[in-house]
Amino acid sequence: MLQSALVEKVGKFRSRGVIVDVTALDVLDSFASRTLRDIAHIIRLRGAETVIVGVQPEVAFAMVQLGITLEKVSTALDLEEGLAYLDQKLQHARATP
Amino acid sequence: MTTPWETQLKSLIQTEPARSPAATTALLRELVEHLRQHRTELREEWARRITEAKVLTAMSDAEIFAEATSVYDNYVAALETGTFEALQTYSRNLSERIIPRGVETHEVIGIVLLLRDVLARSLFAKYQSDFQLLNRILDAYEPAANRIANTVAVGFVQERERIIREQQEAIRELSTPVLQVRERLLILPIIGVIDPQRARQLTEQLLRGIRANRARVVVIDITGVAAMDSHVANHLVQTVEASRLLGATVIVTGLSPEIAQTLVKIGVDLGKMNTVGDLQGGIEEAERLLGYKVVPSEAPALISGIRDET
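Residues numbered from 1 in each chain as written. Chains lettered and ligands numbered in written order. Predicted model: local features only at pLDDT ≥ 70, side-chain atom pairs only at ≥ 80, totals over all residues. Heavy atoms only, no water.

Draft legend 1. A look at the overall build of chain B. Looking only at helices and strands, chain B has 12 helices and five strands in total. Looking at chain B as a whole, 41% of its 310 residues qualify as buried. About 17300 Å² of surface is accessible on chain B, with carbon and sulfur atoms providing 54% of the total. (Helix = DSSP H or I, 4+ residues; strand = E, 2+ residues; numbered from the N terminus. Buried < 20%, exposed > 50% of the residue type's maximum accessible area, 1.4 Å probe, protein only. Areas by Shrake-Rupley, 256 points an atom, 1.4 Å probe, with all protein chains shown as cover.)

Draft legend 2. Representation of the pairing of strand E2 (residues 49-53) of chain A within the structure. Residues and elements named next belong to chain A. Counting buried residues in E2 gives five out of five residues, a clear majority hidden from the surface. Taken together, the five bridges between strand E1 (residues 17-21) and E2 define a ladder with parallel strand orientation. Residue pairing across strands places Ile 19 opposite Val 51, the latter belonging to E2. Sheet topology note: the E2/strand E3 (residues 74-76) ladder contains three bridges and is parallel. Considered in E3, the bridge of Ile 52 is made with Thr 75. At this point the chain moves from E2, through helix H3 (residues 57-65), to the parallel E3, and the crossover so formed is right-handed. (Pairing = 2+ DSSP bridges. Right-handed = clockwise from strand over helix to strand, strands pointing away.)

Draft legend 3. Representation of the packing of aromatic side chains within the structure. Counted according to the given criterion, the structure contains zero aromatic pairs over all chains. Residue placement shows Arg182(B) over the ring face of Tyr292(B); its charged tip is 5.9 Å from the ring centre. (Phe/Tyr/Trp six-rings, centres within 6.5 Å; stacked < 30°, edge-to-face > 60°. Lys NZ or Arg CZ within 6 Å of the ring centre and 35° of its normal.)

Draft legend 4. Structural view of the nonpolar core. Residues Val55(A), Met63(A), Ile190(B), Ile210(B), Val218(B), Ile220(B) and Met228(B) are the most contacted members of the largest nonpolar core, which totals 51 residues. Broken down by element, this core gets its largest block of residues, seven residues, from helix H9 (residues 230-245) of chain B. Filtering out sequence-adjacent residues up to four positions away, Ile220(B) remains in contact with Leu188(B), Ile190(B), Leu206(B), Leu236(B), Val250(B), Ile251(B), Val252(B) and Thr253(B). Core analysis: the second largest hydrophobic core is formed by 48 residues, Met59(B), Val76(B), Leu87(B) and Ala140(B) among them. (Core = buried A, V, L, I, M, F, W, Y, C linked by side-chain atoms within 4.5 Å. Contact = heavy atoms within 4.5 Å.)

Draft legend 5. Seen up close, the sheet that holds strand E2 (residues 185-191) of chain B. Residue and element names in this part refer to chain B. Overall, mixed pairing links the five strands, which are arranged E1-E2-E3-E4-E5 in an open sheet. Two strands lie at the open edges of the sheet, namely strand E1 (179-182) and strand E5 (274-276), each paired on one side alone. Across the sheet, the mean angle from the axis of one strand to that of its neighbour is 30°, orientation sign disregarded. Here E2 runs beside strand E3 (residues 217-224); their pairing, made up of six bridges, is parallel. Counterpart to Leu 186 in the pairing with E3 is Val 218. Its contacts with the sheet place helix H11 (residues 279-290) against E1, E2, E3, strand E4 (249-253) and E5, and it is angled at close to 175° to E3. (Axes fitted to C-alpha atoms, helices over the stretch in contact; angles between N-to-C directions.)

Draft legend 6. Quick look at the packing of H3(A) against H9(B). Taken N-terminus to C-terminus, the directions of H3(A) and H9(B) make an angle of 130°; their axes are 8 Å apart at the nearest point. Classified by the interaxial angle, the pair formed by H3(A) and H9(B) is oblique. Relative to H9(B), the crossing made by H3(A) is right-handed. Between H3(A) and H9(B), the contacting residues are Ala60(A), Phe61(A), Met63(A), Val64(A) and Gln65(A) on the first element and His235(B), Gln238(B), Thr239(B), Glu241(B), Ala242(B) and Leu245(B) on the second. Looking at side-chain class alone, the contact of H3(A) with H9(B) contains six nonpolar, four polar and one charged residues. (Parallel < 35°, antiparallel > 145°, perpendicular 65-115°, else oblique. Left-handed = near helix turned anticlockwise from the far one by under 90°. Nonpolar A, V, L, I, M, F, W, Y, C, P; charged D, E, K, R; others polar.)

Draft legend 7. Inspection of the interface of chain A and chain B at higher detail. On the chain B side, the residues contacting the 21 residues of chain A number 18 residues. Looking at the side of chain A facing chain B, the largest losses of area belong to Pro57(A), Phe61(A) and Leu77(A), adding up to 34% of the total buried there. Applying the counting rule to chain A against chain B returns five salt bridges. The salt bridge involving Glu81(A) is made with Arg214(B); its shortest N-O contact spans 3.5 Å. Summed over the shared surface of chain A and chain B, the result is nine residue pairs in polar contact (both at pLDDT 80 or more). Of all the secondary structure elements, the ones that give two or more residues to the side of chain A that touches chain B are H3, E3 and helix H4 (79-95) of chain A. For the side of chain A that touches chain B, the element with the highest residue contribution is H3(A), accounting for six residues. Of the residues assigned to the side of chain A that touches chain B, the class counts are 12 nonpolar, four polar and five charged. (Buried area = accessible area lost by both parts, 1.4 Å probe. Salt bridge = Lys/Arg side-chain N within 4 Å of Asp/Glu carboxyl O. Polar contact = N/O pair within 3.5 Å; in protein donor to acceptor, adjacent residues only side chain to side chain.)

Draft legend 8. Representation of the sheet that holds E3(A). Residue and element names in this part refer to chain A. The strand order across the open sheet built from three strands is E1-E2-E3, with neighbouring strands paired in parallel fashion. A single partner strand is all that each edge strand has here, and the edge strands are E1 and E3. Adjacent strand axes in the sheet meet at a mean angle of 30°, parallel and antiparallel pairs treated alike.

Draft legend 9. Here's a closer look at the side chain of Glu241(B). Mapped onto the elements of the fold, Glu241(B) is located in helix H9. Take Glu241(B): its relative accessible area is 10%, and that puts it in the buried class. Those residues in contact with Glu241(B) that lie beyond four places of it in its chain are Val64(A), Thr69(A) and Lys272(B).

Draft legend 10. Molecular detail of the environment of Leu113(B). Residues and elements named next belong to chain B. Position of Leu 113 relative to the elements: it lies in helix H6 (residues 105-127). Accessibility expressed as a relative area gives 38% for Leu 113, which makes it partly exposed. Separated by 33 residues in sequence, Leu 113 and Asn 146 have C-alpha atoms that sit 8.7 Å apart.

Remember, this is a structural readout, not a statement about activity or role.
Rendered as structure tokens:
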């Protein structure tokens, strides 16, 4: 649901970047993590960048203990950091065409 | 001289089956009466015995006497009521006061046992003419006295353990400082042995530190770690990954040759870890990642300062 709606919007708004904020989540199990990873990969195929932001410290450690590391997916501390990261990344991409 | 109480007691003992609760209660009441009557001399005798035994050397005679008085009264009260809560509270209180002054466990147990002896002796003296009554009195007295000694000793040891736990907590807090050296750059120097418990705590503090300081780069320096087993190494890898989930890059520095060899031998996957030889290199790398550049100023302050003095 979320996945397809999001991917559709990326095309509709010609988005260059997507931020997924998980601050409110107290638990991220393997299913949720896989969904996040899939979203990131699909969005990359659509030509945009994804950043996961707001992973709580406890959640982060619980995830790595389950062996979930969200490899090749960008992460940032919070929304602000995520925006800064995308700004930098997209500017860089524009500067070196 | 026989008091009316004693006559009553004797008849009670003869009619009631031995060790019945009613008889015990009556005996204890008799006992408490006796201890109240001879409070002054028994207390003095006890204080004298304490001084003689050369325990509680950390305290002055006046202090010992003051404490002895309260202990004595609490002791008698516990015998009388058969409840130990008040005594427990008092002994915890007492322990709190005397532990910082270096009073040892054997001293505390020693003085309580001394009091037990002093009181038992006075009972012997009082009832020596009637062996059977003495026996019954002791039957009632001893279990209660033992329980009192137990309560005081346990209270003291518990207090000690509480202090030890607090100190351990403090050491643990101090042993894993998370330091900010530049905006968005944290350093975590690890020194000493890492056991699983400490490793877990370390990770927790680091992740919290990353959040609190909004860190982008973290340098974990393990120069001070002599050895590392696979468990701890895996934990380190997990810490690095968890930090990345919070958006921070981790640089590990100061891996000793021994640890590096061990890690390769036990097959820990360090491919995901960013390692630099020493702390200085780690900080330089972190500065590079953050976009800082350290440039020497034209006139070094240290050298010009020395020139000024000469």
